Amino acid sequence: MERAVVTATAERSAASGAAPAGRPSGPGAGRGRRMRRAAQPYLHLAPALAAVLLTTVYPLVSALVTSFRHWRLNESTAPGGFVGFEQYQRAFQDDTFFNSVMVTLWFTFVSVVLSVGIGLAIALILNRRGPLNGLTKALLILPFAVAPALKGFSWRFMMNPDHGVYDKMIDSVLPFAADVNWLGEPFWAQMVLVLTEVWGWAPLIALMLLGGLASVPPEVNEAARVDGATAWQRFRHVTFPLLRPLLLIVIFLKAVFSLKLFDQVVTITGGGPGRATETLNFYAYTQGFTFLDIGYASAVSWILVVVLGVIAAGYLVAMNRQEAK
Amino acid sequence: MTTRATGGAMTARRALGSGLHLVAVLAILFFVLFPIAWLAITAFRPAAEAFSTSPVFAPTLENFRAIIGGQNDLTAAAVNSVVVGTATTLISLPMALLAAYAFSRHRFPGHKSMLLAMVATQFIPGVAIALPFLTLFHDLGLLDTRASLVIVNLSLVVPYITWLLKGFVDGLPIEIEEAARLDGCGQITLLWRVVTPLAAPGLFVCAVFSFLLSWNEFLFPTFLAKEEATTLPVGLMTLVRPEGVAWGQMAAAGLLVMVPMLVMSMFVRKHFAQGMTMGAIK
């Protein structure tokens, strides 16, 4: 599945987190005991930190070093000499790399807009009272629990241009789309990828936003209604401002995961047609795994690390600023 | 809008409104469930009719037979998935509980930055992690073993469930711990006898997540364990062959991948949405 989901607001919960432990400092709490107590949190953290150091920091540093070395597995199993920024330069001069950057950005933009837009619509619809609402809310988690690779296969199956069930449905509603080969045309192949992402994410986003909507006090809305505000005005001036911080988080989360898209590319399009669906993560994968150019692939994956890092940092700054307001 | 509609017009409008609302809800249900339902139907359809859209067919187990002990046996991959998921969960839970406890109950130098660093690891693309491990595991002779997958999966699971568990521990009443400590309870006894039982529901949620993350993971096994230690999601790829995709078997295998996760995720649904957006709303 996609990398674990974590919001960047942990920082907030750290800032406003739980009170420090009550420390029974009986008489005779000597220096030794104080030191032991000071060391305690670090002892508790040690296993988890060791795991993170081994499985995240080590590979990151290692990839950084490798990105400055010439290393093709088909030539040698040992890393070659240092080549400086050569492989980074190569990436920036490479049209296929540039293509994957554009594909990734375009894909991220469209899938964020659609996932969040549709997710918000679902949340607003389900936030009203009505039959089947409870059941539908309970089922919103399901698409996200489906493995992304499997998501990819099932959508590829259903969008099959000859017999896929979705293709048939689309053909019967929009006869002029009957000849569209969904995975054979660059634009539509991208849109199928977007669609699988929207299917997985929009319901989950709706679930998160429903949590936010539940915290909007009904009296506020009621008061606005009594004052004669239309549904749109109430949404625009009451609900939306209250949802805004949550929406920011959701947009950011979705963007990070879209930028890392990999599983569905492999299972749906294999990067094609041509290079129309070659995302950055997939590009790095093919360079490393298919062409065995570990050095270059490391450089590309580090570019992705930097891009994601900049976005994450920008997001944190924006959140802090909003908090300060 | 202060126009006062007459009573009749009001009810008509309200009826229309709730009618439209019901249609919208049904559309959402269709959107969410149809792909899952279609996969389930396809799994029981005779392979020759995989692409049929007719609702009438004679259900068969032939697809399941093909992937369980049949010509495209995926049981080894299923066993790998279960073993890797279970081992990842059992290893990461105690680590996460200790770390979450420290983050929740203690203030110490580096507290905030370490917590942030844990969160930050989730923004790192999988390729950047998998590539170095490819060569490391090659050198260690660990390539294509379950152990290698468990090790790499820790990079996904440990930070995430640490952070999730911290939220749970934050919510536990500290008075019980203080009382236990006054009674002379040592740190280890306290964690094992007091905190663990109190945090049990949280631990359960985290166990589900860590299993789900390992179970659905695709990039790592693609890189590091394509043959012997391959897991179910990657095993699905073996059904894609030059002569075509075995869609019926794919659907059957997909159902086996999906169902345990769907059931488990229903149990932790609430915590999931909360966990992802915690702190967003005060």
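The coordinates are above.
Residues numbered from 1 in each chain as written. Chains lettered and ligands numbered in written order. Predicted model: local features only at pLDDT ≥ 70, side-chain atom pairs only at ≥ 80, totals over all residues. Heavy atoms only, no water.

Please clarify how the overall build of chain A should be interpreted in this entry.
The helix and strand tally for chain A stands at 14 helices and zero strands. Counted from the first residue to the last, chain A has its helices and strands arranged as α-α-α-α-α-α-α-α-α-α-α-α-α-α. Of all 325 residues assigned to chain A, the portion counted as buried reaches 53%. Counting only contacts in chain A whose residues sit at least 6 apart along the sequence, the fraction spanning at least 24 positions is 69%. Of the accessible surface of chain A, which amounts to about 13,900 Å², a share of 66% is contributed by carbon and sulfur atoms. (Helix = DSSP H or I, 4+ residues; strand = E, 2+ residues; numbered from the N terminus. Buried < 20%, exposed > 50% of the residue type's maximum accessible area, 1.4 Å probe, protein only. Contact = heavy atoms within 4.5 Å. Areas by Shrake-Rupley, 256 points an atom, 1.4 Å probe, with all protein chains shown as cover.)

What is the right way to read the packing of aromatic side chains from this model?
The geometry of an aromatic ring pair is captured by two quantities: the separation of the ring centres and the angle between the planes. For the coordinates displayed, the defined rule picks out 34 aromatic pairs over all chains. Where F85 of chain A meets Y88 of chain A, the ring centres are 5.9 Å apart and the plane angle is 55°; that geometry is what we call tilted. Chaining the aromatic ring pairs together yields one cluster made of W155, Y166 and W199 of chain A together with F30, F34 and W38 of chain B. Note that R90 of chain A overlies the ring of Y296 of chain A, its terminal NZ or CZ placed 3.6 Å from the centroid. (Phe/Tyr/Trp six-rings, centres within 6.5 Å; stacked < 30°, edge-to-face > 60°. Lys NZ or Arg CZ within 6 Å of the ring centre and 35° of its normal.)

Would you explain the environment of W38 of chain B in this entry?
Positionally, W38 of chain B belongs in helix α1 (residues 7-44). Judged by relative accessible area, which is 9%, W38 of chain B ranks as buried. Linking W38 of chain B and I176 of chain B, residues 138 residues apart in sequence, is a C-alpha distance of 51 Å. Excluding residues that lie within four positions of it along the chain, W38 of chain B makes contacts with F157, M158 and V165 of chain A together with R45, S52 and T53 of chain B.

So what exactly am I meant to see when it comes to the environment of C185 of chain B here?
Residue and element names in this part refer to chain B. Within the element layout of this structure, C185 appears in the loop between α7 (174-182) and α8 (187-198). Placed 147 residues apart in sequence, C185 and W38 show a C-alpha to C-alpha distance of 56 Å. Each residue touching C185, except ones within four places of it in the same chain, is listed here: A180 and L190.

Sorry if this is basic, but what is going on with the side chain of T136 of chain A here?
Tracing the backbone shows T136 of chain A in helix α5 (residues 133-139). Relative accessible area serves as the criterion here: at 1%, T136 of chain A is assigned to the buried category. With near-sequence residues (within four places) excluded, T136 of chain A lies in contact with L126 of chain A together with V25, I28 and L29 of chain B.

Just checking my understanding: could you explain the interface of chain B and chain A for this structure?
Often, the extent of an interface is quoted as the loss of accessible area upon association of its parts. At the interface, 108 residues of chain B touch 116 residues of chain A. Across the interface of chain B and chain A, roughly 10,200 Å² is buried in total on both sides, 77% from carbon and sulfur atoms. Counting across the chain B and chain A interface gives zero salt bridges. Across the chain B-chain A interface, the total number found is eight residue pairs in polar contact (both at pLDDT 80 or more). The element that contributes the greatest number of residues to the side of chain B that touches chain A is α1 of chain B, accounting for 19 residues. Considering only residue class, the side of chain B that touches chain A consists of 76 nonpolar, 21 polar and eleven charged. (Buried area = accessible area lost by both parts, 1.4 Å probe. Salt bridge = Lys/Arg side-chain N within 4 Å of Asp/Glu carboxyl O. Polar contact = N/O pair within 3.5 Å; in protein donor to acceptor, adjacent residues only side chain to side chain. Nonpolar A, V, L, I, M, F, W, Y, C, P; charged D, E, K, R; others polar.)

Sorry, what's going on with the pattern of salt bridges here?
When the charged atoms of two side chains lie near each other, side chains of opposite charge can form a pair. Residue and element names in this part refer to chain A. Per the stated rule, a full pass over the model turns up seven salt bridges over all chains. Its salt-bridge partner being R72, residue D293 comes within 3.3 Å of it at the nearest N-O pair. Taken together, the residues span a long stretch of sequence, with D293 in the loop between α13 (280-290) and α14 (294-324) and R72 in the loop between α2 (31-67) and α3 (86-93) at a distance of 221 residues. R72 sits in the partly exposed class, given a relative accessible area of 27%. A salt bridge links R225 to E222, with the nearest nitrogen and oxygen atoms 3.4 Å apart. With R225 and E222 both in helix α10 (residues 218-226), this residue pair falls three residues apart, about one helical turn. The exposure class assigned to E222 is partly exposed, which follows from its relative accessible area of 38%. If you follow the salt bridges from partner to partner, you end up with R72, R90 and D293 in one network.

Quick question: what am I supposed to make of the packing of helix α4 (residues 95-126) of chain A against helix α9 (residues 186-214) of chain A here?
Each pair of packed helices can be described by the angle between their axes along with the distance between the axes. Residue and element names in this part refer to chain A. Running from N to C, α4 and α9 point in directions that differ by 40°, and their axes come no closer than 6 Å. Comparing the axis directions of α4 and α9 gives the class oblique. The chirality of how α4 crosses α9 is right-handed. Broken down by class, the residue content of the contact of α4 with α9 amounts to 24 nonpolar, four polar and one charged. (Axes fitted to C-alpha atoms, helices over the stretch in contact; angles between N-to-C directions. Parallel < 35°, antiparallel > 145°, perpendicular 65-115°, else oblique. Left-handed = near helix turned anticlockwise from the far one by under 90°.)

In short, the description is geometric, and any link to function would need to be established separately.
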